[in-house]
Amino acid sequence: MSATTSPSTDTISTRDAEILTFEREWWKHAGNKEQAVREAFGLSPTRYYQLLNRIIDDEAALAHDPMLVKRLRRLRSQRQRQRAARRVGVGTR
């Protein structure tokens, strides 16, 4: 269990909720996503995605916004399968 969640209340921190909200609505921001991340949270894109991946693994985040978290998990799994397929494909040539 992460330090930002409480097992008894099954809630996410304010910052985690803000990140989920941002992820749901980032396309509304002017410019590219990486710049919007820097402006909104003062984080590098790498750190943002590390936090986002931790958040979407949290069952409290799933309870907070099930449709978004399931979509983000599905997209992450898709990208992982694509990377694995590319690695396998490289060795067969």
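Please refer to the structure placed before this passage.
Residues numbered from 1 in each chain as written. Predicted model: local features only at pLDDT ≥ 70, side-chain atom pairs only at ≥ 80, totals over all residues. Heavy atoms only, no water.

Peer 1: How should the overall build of the chain be read in this particular structure?
Peer 2: A tally of regular secondary structure across the chain gives 5 helices and 0 strands. Moving toward the C terminus, one meets the helices and strands of the chain in the order α-α-α-α-α. Going through the 93 residues of the chain one by one, you find that 31% of them count as buried. Contacts in the chain between residues far apart in sequence, at least 24 positions, make up 44% of those at least 6 positions apart. Roughly 6,400 Å² of accessible area belongs to the chain as shown, and the carbon and sulfur atoms make up 53% of that amount. (Helix = DSSP H or I, 4+ residues; strand = E, 2+ residues; numbered from the N terminus. Buried < 20%, exposed > 50% of the residue type's maximum accessible area, 1.4 Å probe, protein only. Contact = heavy atoms within 4.5 Å. Areas by Shrake-Rupley, 256 points an atom, 1.4 Å probe, with all protein chains shown as cover.)

Peer 1: Explanation requested: the nonpolar core in the structure shown.
Peer 2: Nonpolar side chains in soluble globular proteins tend to be buried together. Of all hydrophobic cores here, the largest spans 20 residues; its most connected members are Ile19, Leu20, Tyr48 and Leu52. Sort the elements by how many residues they give to this core and helix α3 (residues 45-57) lands first, with 5 residues. Beyond its immediate stretch of four places on either side in the chain, Tyr48 contacts Ile19, Phe22, Glu23, Lys33, Val37, Phe41 and Leu43. (Core = buried A, V, L, I, M, F, W, Y, C linked by side-chain atoms within 4.5 Å.)

Peer 1: When you look at the packing of aromatic side chains in this model, what are you seeing that I'm missing?
Peer 2: Pairs of aromatic rings are described using the distance from one ring centre to the other and the angle between the two planes. By the definition in use, this model includes 4 aromatic pairs. With centroids separated by 5.3 Å and ring planes inclined at 85°, the aromatic side chains of Phe22 and Phe41 adopt a geometry described as edge-to-face. One end of the pair, Phe22, is in helix α1 (residues 14-25); the other, Phe41, is in helix α2 (residues 33-41), and 19 residues separate them in sequence. A residue is classified by how much of its surface remains accessible, and Phe41, at 18% relative accessible area, is buried. Through a chain of ring-to-ring contacts, the aromatic side chains of Phe22, Phe41, Tyr48 and Tyr49 assemble into a single cluster. (Phe/Tyr/Trp six-rings, centres within 6.5 Å; stacked < 30°, edge-to-face > 60°.)

Any functional reading would require information beyond the geometric quantities listed.
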